[in-house]
Amino acid sequence: GAVVSQHPSWVICKSGTSVKIECRSLDFQATTMFWYRQFPKQSLMLMATSNEGSKATYEQGVEKDKFLINHASLTLSTLTVTSAHPEDSSFYICSARDMARPTYEQYFGPGTRLTVT
Amino acid sequence: TQLLKQSPQFLSIQEGENLTVYCNSSSVFSSLQWYRQEPGEGPVLLVTVVTGGEVKKLKRLTFQFGDARKDSSLHITAAQPGDTGLYLCAGLPLGAGGTSYGKLTFGQGTILTVHP
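Residues numbered from 1 in each chain as written. Chains lettered and ligands numbered in written order. Predicted model: local features only at pLDDT ≥ 70, side-chain atom pairs only at ≥ 80, totals over all residues. Heavy atoms only, no water.

J.: Teacher, can you tell me more about unusual backbone geometry here?
T.: Glycine aside, residues mostly have negative phi angles, and peptide bonds mostly take the trans form. Of the consecutive residues His7(A) and Pro8(A), the connecting peptide bond is found in the cis state with omega at 0°. For the bond from Ser7(B) to Pro8(B), the omega torsion is -5°, close enough to zero to count as cis. Within the secondary structure, Pro8(B) is located in the loop between strand S1 (5-7) and strand S2 (10-14). Within the chain, Lys41(A) stands out as a residue other than glycine whose phi angle is a positive 60°. Position of Lys41(A) relative to the elements: it lies in the loop between strand S4 (32-38) and strand S5 (44-51). For Lys41(A), a relative accessible area of 65% corresponds to the exposed category. Phi angles above zero are rare outside glycine, and Ser83(A) is one such case at about 45°. Relative to the helices and strands, Ser83(A) is located in the loop between strand S8 (76-81) and strand S9 (90-97). (Helix = DSSP H or I, 4+ residues; strand = E, 2+ residues; numbered from the N terminus. Buried < 20%, exposed > 50% of the residue type's maximum accessible area, 1.4 Å probe, protein only.)

Here's what the structure looks like:
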């Protein structure tokens, strides 16, 4: 149980284009999902909190117009990197919180490696 | 701002040795999770500790939550090369289940390398 999928697992795009990353909770419902960015050999950096049916909450310093988040259902959240630039290249990871668990564990997707050329 | 200080940042040991990773804070957490992450993959939940003083064992891994719920430790006995990875502690601040939607505070991570 508690499986989170992410698609695609890796993507290469040209500078100026947009890329959409999907995060799905496969066997549980998640009103809340989180998007993180991770640099090599470092911890996770929270970008935004995604809530089903409402606007995402972005962390300080994260451009909401550049990183568009949509949480259309209890099992799907998407992150769109708009007008991508090489500095956006990174490992993006989503997580989902199982509504049925009172201890707020987050279950992580396998990550998406974005390379902007 | 809730901070979790994780130490050591890097750990390189030989197979069979024991090790301990620490997470410390001046703030109280409702619960604390430990994750392990391998390169190119997402973190995998190892354990959640909730009660002050709680000790949980997972095979060769022992997790402890401090009595005051401000700190935690992960002890690995007889480390194996398969234990190699990035270990992350993450705490749920008191009251974060409400307006913060369960947002976790992560430690800086410990990169463990176990040499055969």
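J.: Teacher, can you tell me more about the side chain of His71(A) here?
T.: Residue and element names in this part refer to chain A. Relative to the helices and strands, His71 resides in strand S7 (residues 67-73). Of the polar contacts made by the side chain of His71, one reaches the backbone oxygen of Ser73; its length is 3.1 Å. If sequence neighbours within four positions are ignored, His71 has contacts with Ala30, Thr31, Thr32, Met33, Ser50, Asn51, Glu52, Gly53, Leu76 and Ser77. (Polar contact = N/O pair within 3.5 Å; in protein donor to acceptor, adjacent residues only side chain to side chain. Contact = heavy atoms within 4.5 Å.)

All quantities given are derived from atomic positions and should not be read as evidence of function.
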